[in-house]
Amino acid sequence: MGDSKRVVYWVRRLSEIAMLGWLGLMLLADLAVAAGGLGGGLQWLVFGAGNAGIAAVILRRRHRVETYGIMLCLSFAVSVLMGVTETSGVPGAAETGALLILMLGVLRHVEPVRDAAMLAVAGLIVLMAESIGRASTMESLAYSFMLFAGWSTIAGVGGYLRFQQERRKEAVHSVRRAERLELARELHDLVAHHITGIVVQAQAARTVATTRPEAVLPALDAIAAAGGDALTSMRRMVTVLRAEEAARTPGSSLADLRLLTERFSAEGPKVAFEIGSGIDDRTLPPEVLTTLHRVLQEALTNIRKHAQQTAWVEADLRRHDTAVVLRVRNHGSAANPRLARLGGGFGLVGMAERVEALGGRLHAGPTPEGAWQVTAEFPLSWSGA
């Protein structure tokens, strides 16, 4: 499992090399056509455009729109020149392949979608100009059909990939939004818990301080009013954000984390959970404890869903010099290819949103030892240090 990222890297590199190899073979075909004298000297411009197309494909990730735009202009200029001079040649194979590859990247990545669609239509115009301007009347119809078939195939593939990408973006956005609302509910519960205590203490102090009302009562009234207003405002804000009322509890505790691992061990692989020294319910604020509980729950749920052959799970919560770190590691199971390819499930996306909202970091991935590990790190500034 530790080699999964390396395998993906080499698969991408080999596919890139194979693609450039095919373009190189097409370029050799263009060279043979130009050397054969077809199209006169202008056919060498087609060979030059093929070279430029291969260079554009190599640079496409850094300059996606620029390389595509340059190739459109170059190809169209060559077609117009050959059409004006009534030179009978053939469309460039490498040039056309490069245009289609560049168009695929444009359809997948250019924002907004309207711009990507317009650039794809411009590519169709340039390809049709190749067949009409460079070939004879009888041959141009056949070339037009082949180029349109290639364009429509790439347009369909690019549109499908764009749809999948947009759907994933929307799913990630929905998960993050839901996590923010959940975090808002929990933060409301935590803040409401403490503000309620402030209001109660202020009201009690007001009753006790009746012996010197001229010195204490104005301050206590202000504290009670401020606390009540803050609680009311917080409730109004969260009422707008959520559709249903949530139970108001002060958050989770370390005992809840242990109970969660014990329940998981009873139904699935055994979990060895260890809490390091210097960590207790008083050293960690409630919002951090609640988030730790959610991260641990999500990590164990993912193990049950995506790594059913796990032999055992190792979890620990430790305090380091600069952070409090929760680590969950499962052993004896293979990596989930779908999660590795997508960069993690949507549950991990929501957990990352929650952890980052508290100033921390979340990482999930394989370890050199062949295990899958989820790590949540919170700075000590959030842990009462």
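One can find the structure itself at the top, above this paragraph.
Because the structure is a prediction, the values reported are computed rather than measured.

**Considerations on the packing of helix 2 (residues 43–58) against helix 3 (residues 64–84)**
For the pair helix 2 and helix 3, the least separation of the axes is 10 Å and the interaxial angle reads 175 degrees. Overall, the two elements helix 2 and helix 3 adopt an arrangement that is roughly antiparallel. Here Q43, L45, V46, A49, A52, G53 and A56 of helix 2 lie close against helix 3, whose contacting residues are T67, M71, L74, V78, L81 and M82. Across the contact of helix 2 with helix 3, the residue classes break down as 10 nonpolar, three polar and no charged.

**Thoughts on the sheet that holds strand 3 (residues 323–331)**
Each strand in a sheet pairs with another by means of backbone hydrogen bonds, the pair being arranged parallel or else antiparallel. Pairing is mixed in the open sheet, where five strands are placed in the order 1-2-3-5-4. Single-partner strands in this sheet number two, and they are strand 1 (270–275) and strand 4 (361–366). Taking the axes of each pair of neighbouring strands and ignoring which way they run, one obtains an average angle of 10 degrees across the sheet. In this sheet, strand 3 lies alongside strand 2 (residues 312–319) in antiparallel orientation, the contact comprising eight bridges. Within strand 3, the position partnered with R318 by the bridge is V325. Sitting on the sheet, helix 8 (residues 254–267) is in contact with strand 1 and strand 2, with an inclination near 165 degrees to strand 1.

**Some details on the pairing of strand 4**
Relative to strand 5 (residues 372–379), strand 4 runs antiparallel, the two sharing six bridges. For P366, the partnering residue across the bridge sits in strand 5 and is W372. Between strand 4 and strand 5, which pair antiparallel one after the other, the connecting turn spans five residues, and G370 there sits at a positive phi close to 95 degrees.

**Some details on the pattern of salt bridges**
Across all of its chains, the model carries 11 salt bridges by this definition. Across the pair R318 and E274 runs a salt bridge whose closest N-O atoms are separated by 3.0 Å. Of this pair, R318 sits in strand 2 while E274 sits in strand 1; the two residues are 44 residues apart in sequence, bridging distant segments of the chain. A salt bridge links R327 to D316; its shortest N-O distance comes to 2.7 Å. Here D316 lies in strand 2 and R327 lies in strand 3, a separation of 11 residues in the sequence. Taking the relative accessible area as the measure of exposure, D316 reaches 6% and is therefore buried. When salt bridges that share partners are traced, they join E274, E314, D316, R318 and R327 into one network.

**As for helix 2**
Counted at 1.5 Å a residue, the expected span for helix 2 with its 16 residues is 22 Å, and the 24 Å between its end C-alpha atoms agrees. Regarding helix 2, the residues found buried are Q43, V46, F47, A49, G50, G53, I54, A56 and V57.

**What about the packing of aromatic side chains?**
Within this structure, the stated rule accounts for two aromatic pairs. A centroid spacing of 5.9 Å and a plane angle of 85 degrees characterise the contact between W44 and F47, whose relative ring orientation is edge-to-face. Taken together, the positions of W44 and F47, both in helix 2 and three residues apart, correspond to about one turn of that helix.

**Observations regarding the environment of Y143**
Following the sequence through the fold, Y143 ends up in helix 6 (residues 137–208). Among the residues examined, Y143 registers a relative accessible area of 22% and is labelled partly exposed. Expressed as a C-alpha distance, the spacing of Y143 and I132, which sit 11 residues apart in the sequence, is 8.3 Å. Setting aside its immediate chain neighbours within four residues, Y143 contacts V90, P91, S131 and A135.

What counts as what
Every chain is numbered independently, its residues counted from 1 as its sequence is written. The predicted nature of this model means local features are confined to residues of pLDDT at least 70 and side-chain atom pairs, given and counted, to a pLDDT of 80 or more, with totals for whole chains, interfaces and linings taken over all residues. Water and hydrogen atoms play no part in the side-chain values, which are based on all heavy atoms of the structure. The convention used is that axes are lines fitted to C-alpha atoms, helices contributing only their stretch in contact, and that angles between N-to-C directions extend from 0 to 180 degrees. Secondary structure follows DSSP: runs of H or I at least 4 residues long count as helices, runs of E at least 2 residues long count as strands, and numbering of each begins at the N terminus. Each angle receives one of four descriptions, namely roughly parallel if under 35 degrees, roughly antiparallel if over 145, roughly perpendicular if within 65 to 115, and oblique otherwise. Between two residues, a contact is recorded if the distance between any of their heavy atoms is within 4.5 Å. When residues are grouped by polarity, Ala, Val, Leu, Ile, Met, Phe, Trp, Tyr, Cys and Pro land in nonpolar, Asp, Glu, Lys and Arg in charged, and all others, Gly among them, in polar. Strands were regarded as paired on the criterion that DSSP finds at least two bridges between them. Here, a salt bridge means any side-chain nitrogen of Lys or Arg that lies within 4 Å of a carboxyl oxygen of Asp or Glu. Residue burial is assigned from relative accessible area. The probe radius is 1.4 Å, only protein chains are included, and a residue is buried under 20% of its type maximum, exposed over 50%, and partly exposed in between. An expected span of 1.5 Å times one less than the residue number is assigned to each helix. Stacked, tilted and edge-to-face pairs are distinguished by plane angle, under 30 degrees for stacked and over 60 for edge-to-face with tilted covering the rest, among Phe, Tyr and Trp rings (Trp via its six-membered ring) whose centres lie within 6.5 Å.

Interpretation note: all reported values are geometric properties and have no functional meaning in isolation.
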